[in-house]
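Structural description and commentary
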Amino acid sequence: MKRDTVNLEPSVDHTSPLSPVSDDQRYIGTSVPRGGIERLTQGLGQYLDDIELPRMGHVVFWRSPVAHMRIKSVNSEFARAMPGVLLVADGQDLAKVCQPWVATLSHLAGMKSAPQYPLALERACWQGEPVVAVVAESRAQAEDALAYVEVDWEELPAATDMQRALEPSTPLIHPELGDNLCFTRSLDVGQVDETFAKADVVAAIDFEFGRHTGVTLEPRAQIAHWSPAEQRLTVYHSCQAPHMMQDLYGRQFNLPASAIRVVCKDVGGSFGIKVHAYPDDFATVALSIILGRPVKFVADRLESFTSDIHARHHFIQARIAVNRDGEILGFDMQDLTGIGPYSMFPRTSAIEGNQVVNLVGGPYKHKHYRAKLDVVFQNKTPTCQYRGVGHPIACAVTEALVDLAAQKIGMDPLRIRELNVIPDNAYPTAGISGIKLEILSHEACLQKLRELMNYDALRVEQAALRKQGVFRGIGFATVIELTNPSAAFYGVGGARIASQDGATIRLDPEGHITVLIGVGEQGQGTEGIYQQIAADAVGVDISKVRVVTGDTDATPYGGGTWASRGAGIGGEAVLLAGQALRDNILKVAAVILKRDSNTLAVRRDRVVDASSGQDLLPLAELGRVAYFRSDTLPADFTPELMVTRHYAQRDFPFIFTNGVQASYVEVDVETGFVKLLKHWAVEDCGRVLNPMLVDEQMRGAIVQGIGGALLEECLYDDSGLMVNASMADYLVPMSAEMPDIEVAHVQTPTATSKLGAKGAGEAGTAGAPAAVMNAINDAMSPFDAHVFSQPITPQKVLRALGKLR
């Protein structure tokens, strides 16, 4: 069925020239409905729990009920006797099959962590750590038997307060490490104290950011199937990086990659939660190897809250130096972040804090910066990369300081940003932390935002409403987001995580094309943009493009989906493969038509005369001849109608996108409730491949950012137990609470690729918390009140207003 296209170009500015990828570009840059959406909306998706295999067992885990405990003994005699039970295993059993791991990166100097196992051996170090596995013929039988597992345990002192983690009186989680410090980093570009001493105004803030987690629609899940006859492991997974998992299984179970297949079918959301290797993941594989049969694990919603990674728990003390004319002189920041008892494998739990150091002050042209980071262990659920990875923290710190500085000098908050962002004509350049910036568009984005939100009129409305006792606020957030990472992100640190991706494109005999690529579909629409790119690159109708992802046996090796790399890395690989296939098609056509290939082109499923556009040869006929009548072709000529191309971004450590967001809120100063009225975002993600998909990625990410700003927090008591680990108590954004979100674009394509796409998956999450926080503080400014602790709850608002102790 042919898809309609909608051109949304009025919302897009071109600040750099956008060259077409083909001479008949029809799809790139237009709002084509997402590929595969009909199948999913008709309920025909196949998620992990939909898969059933013969002889499949089901595993459930006895998890630690406390933050820290010694395992004295495990008695599973009664559990083993329960109906349908296939195996009950503890940590010692699985340690014979799976090697332990230590999650560190060599380029994060001095980082340390303790060895970790699929199931806890002598101690469990957080509430939710798996200790015993029960496998049965059904999930219900496994859960019934789990109740009969007897674990004799002794509760141990726990390190639960990250602000006291390094004090001598705090228990050491891993005595062999010497302290509870996982990683520390200092950055000082010089003259910070002198700059602050000479500044006209210094503004300082103490920030707190609460832990939260991803709450994916589909929980973590997998089926491990070890075939003793073939000596081959197949893992059906709901994950973001199939080839990464293939490599990890090979190393942990001493198997060659050729003996491992990882398959990802439909994945119901990830947000970074599913890009890590979990203990219960390795445990499921180990159990399948021991039993020689498939084993399925599906986390239930309750255990997800204490077994899925958490993120964003930071205490930050920061200050900004400015002159009265609005010039930003420098930033000074100390960040303390608490992770779990282990660094998460294989990407580590230090990257988030490291990103905060790199990104604070990033949009601005100041010359002085100092930062100190401490990443500490604690007896809580491990933390790691989650959508945005440090960006929401760094952006909130930076933008709150800028707003407070503007307030102190009496300057409009939008104006101080316009004066201080790195100018659009200054690129390429480097940020003060050393980050390399290829091309950004802060000035153009700020100008577009001012017009989009009708800023001056909004200020007039705000002032009029304040006279009536209605307190509304406007908040801004200027954003930079790193995307399209090179090997400098993980590879240089020793992590075997691919920075490149490959795409294979095949012309089928009937004139359709099939695209095989390692970047999977997680709900973000990558399959749709690959269809658009391939259709334009080759010259076929989009309805004739099929995309295959998520199968290490079928797709070229690649890094998968993370860091907004699906369009910029995966899309470029598809483009290169498509252009190569088009060239090969023209070579075949030249032989068939006895013409020079330079006089031919592929347009609308046909080979045509490049000058006149005259139809010469349908692709279906070319395919018929190439595949079935090779006897009619010259003996020395072989059609090559399947090509593979790879792409890795090598010019910069990362490619950066940028943008600006604004939030308009109303604060009820009697109840502390915040009403979200409107949200605006102007984003520069390079070439916009599909305006509709990009806009929805931005809206979804903004909503997720608002969740962290106002609602979501993993709450713990003093003993290290999570007290709101259910959907009844953990608050997430609901559609009725969200504002209208208006999105517009500026385009400055990256020159590191032909496609020019930078990526857009995380920018919304990066800027929304800062914009909302600043809007709330602007609304409370008549009361000289501020709140810098997220999530911003009604209680915190009332406390800031002096109405609640």
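The structure presented is a predicted model; accordingly, all values stated were derived computationally and were not measured.

**Remarks on the overall build of the protein**
When helices and strands are counted, the protein shows 19 helices and 32 strands. A globule of 805 residues ought to have a C-alpha radius of gyration of about 28 Å, and the protein, at 28 Å, matches this closely. Judged by the C-alpha coordinates and their principal axes, the protein covers about 85 × 75 × 45 Å. The buried share among the 805 residues of the protein stands at 64%. Counted over contacts in the protein with a minimum sequence separation of 6, partners at least 24 positions apart contribute 80%. Taken as a whole, the protein presents about 28,900 Å² of accessible surface, with 50% of it coming from carbon and sulfur.

**Quick look at empty space enclosed by the protein**
For the structure shown, the criterion picks out eight cavities of 30 Å³ or more. Estimated volume of the largest cavity: approximately 90 Å³. For the largest cavity, the lining is made up of 14 residues, of which H212, R312, G708, P769 and Q790 are closest to its centre. Mapped by element, the contributors of at least two residues to the lining of the largest cavity are α10 (391–409), α17 (691–710) and α18 (763–779). Grouping the constituent residues of the lining of the largest cavity by class yields six nonpolar, seven polar and one charged.

**What about the sheet that holds strand β28 (residues 642–647)?**
One open sheet holds the four strands; their spatial order is β24-β23-β22-β28, and the pairing between them is mixed. Both edges of this open sheet fall to β24 (545–549) and β28, since each of them pairs with a single strand only. The average undirected angle you get between the axes of adjacent strands in this sheet is 20°. Bridge count between strand β22 (residues 501–507) and strand β23 (residues 513–517): five bridges; the pairing is antiparallel. Looking at the pairing, A503 lines up with I517 of β23. Running at roughly 145° to β28, helix α15 (residues 566–593) makes contact with β22, β23 and β28 of the sheet.

**Description of the packing of aromatic side chains**
By the definition in use, this model includes 17 aromatic pairs. Both rings, one in W101 and one in F282, keep their centres 4.8 Å apart while their planes meet at 50°; by these two values the pair is tilted. With W101 in the loop between α3 (91–95) and β5 (123–124) and F282 in helix α7 (residues 279–291), this pair connects stretches of sequence that are 181 residues apart. Aromatic ring contacts, followed pair by pair, group W101, Y249, F253, F282 and F345 into a single cluster. Seen from the ring of Y278, R220 lies directly overhead, with NZ or CZ sitting 3.8 Å from the centre. R347 extends its terminal NZ or CZ atom over the ring of W562, reaching a point 4.5 Å from the ring centre.

**Points about the side chain of R34**
Note that R34 resides in the loop between β1 (12–14) and α1 (37–41). Buried charged residue R34 carries no salt bridge. Nearest counter-charge: E521, at 4.5 Å. When near neighbours in sequence (up to four residues on either side) are disregarded, R34 contacts L40, E521, G523, G525 and L693.

**A word on the side chain of R211**
Within the secondary structure, R211 sits in the loop between β9 (201–209) and β10 (212–213). For R211, the side chain forms a polar contact with the side chain of H310, separated by 2.9 Å. A polar contact of 2.8 Å, which involves the side chain of R211, links it to the backbone oxygen of T381.

**A look at the pairing of strand β3 (residues 69–75)**
Remember that side chains alternate between the two faces of the sheet whenever the strand is regular. Pairing of β3 with β5, which is carried by two bridges, proceeds in the antiparallel orientation. Note on β5: the bridge partner recorded for M69 is A124.

**A short note on the sheet that holds strand β17 (residues 328–338)**
Here we have six strands laid out as an open sheet, ordered β8-β18-β17-β16-β9-β32, and mixed in their pairing. Edge strands, defined here as strands with exactly one partner in the open sheet, are β8 (181–188) and β32 (789–790). Across nine bridges, β17 lies against strand β18 (residues 368–376) in parallel orientation. In the strand pairing of β18, G338 is matched with V376. In the packing of α10 onto the sheet, contacts are made with β9, β16 (314–322), β17 and β32, and the angle to β9 comes to roughly 145°.

**Some points on the pairing of strand β27 (residues 615–618)**
Bridging between strand β26 (residues 606–609) and β27 involves three bridges; their strand directions are antiparallel. Bridge pairing in β27 links V607 to L617. Hairpin connection, β26 to β27: the antiparallel pair is bridged by five residues, and G613 has positive phi, about 80°.

**A short note on the environment of V357**
Note that V357 resides in helix α9 (residues 351–359). With relative accessibility at 0%, the residue V357 sits in the buried group. In sequence terms V357 and R370 are 13 residues apart; their C-alpha atoms lie 8.8 Å from each other. Apart from residues lying up to four places away in sequence, V357 is in contact with R185, L187, M333, Y369, A371, L373 and S433.

**A closer look at the packing of helix α14 (residues 526–538) against α15**
Packing of α14 against α15 brings their axes to within 8 Å, and their N-to-C directions diverge by 30°. When the axes of α14 and α15 are compared, the pair comes out roughly parallel. Taken as a pair, α14 and α15 cross one another with a handedness that is right-handed. Side by side, α14 and α15 meet where T526, I529, Y530, I533, A534, A537 and V538 of the first sit next to G566, A567, G570, G571, V574, L575, G578, Q579, L581, R582 and I585 of the second.

**Considerations on unusual backbone geometry**
In this structure, P428 follows Y427 across a cis peptide bond, with omega equal to 0°. With respect to the helices and strands, the residue P428 is situated in the loop between α11 (413–420) and β19 (429–430). Along the chain, Q790 connects to P791 via a cis peptide bond; the corresponding omega equals 5°. By the element assignment, P791 lies in the loop between β32 and α19 (794–800). Although it is not a glycine, N254 sits at a positive phi angle of roughly 55°. Positionally, N254 belongs in the loop between α6 (242–253) and β13 (260–263).

What counts and how
- Residues numbered from 1 in each chain as written.
- Predicted model: local features only at pLDDT ≥ 70, side-chain atom pairs only at ≥ 80, totals over all residues.
- Heavy atoms only, no water.
- Helix = DSSP H or I, 4+ residues; strand = E, 2+ residues; numbered from the N terminus.
- Rg over C-alpha atoms; globule rule 2.2 N^0.38 Å.
- Buried < 20%, exposed > 50% of the residue type's maximum accessible area, 1.4 Å probe, protein only.
- Contact = heavy atoms within 4.5 Å.
- Areas by Shrake-Rupley, 256 points an atom, 1.4 Å probe, with all protein chains shown as cover.
- 1 Å grid on protein atoms, 1.4 Å probe; cavity = no way out; pocket = protein on both sides within 12 Å on 5 of 7 lines; lining within 4 Å.
- Points joined across faces, edges and corners; volume = space filled by probe spheres on them.
- Nonpolar A, V, L, I, M, F, W, Y, C, P; charged D, E, K, R; others polar.
- Pairing = 2+ DSSP bridges.
- Axes fitted to C-alpha atoms, helices over the stretch in contact; angles between N-to-C directions.
- Phe/Tyr/Trp six-rings, centres within 6.5 Å; stacked < 30°, edge-to-face > 60°.
- Lys NZ or Arg CZ within 6 Å of the ring centre and 35° of its normal.
- Lys, Arg positive; Asp, Glu negative; His and termini not counted.
- Salt bridge = Lys/Arg side-chain N within 4 Å of Asp/Glu carboxyl O.
- Polar contact = N/O pair within 3.5 Å; in protein donor to acceptor, adjacent residues only side chain to side chain.
- Parallel < 35°, antiparallel > 145°, perpendicular 65-115°, else oblique.
- Left-handed = near helix turned anticlockwise from the far one by under 90°.

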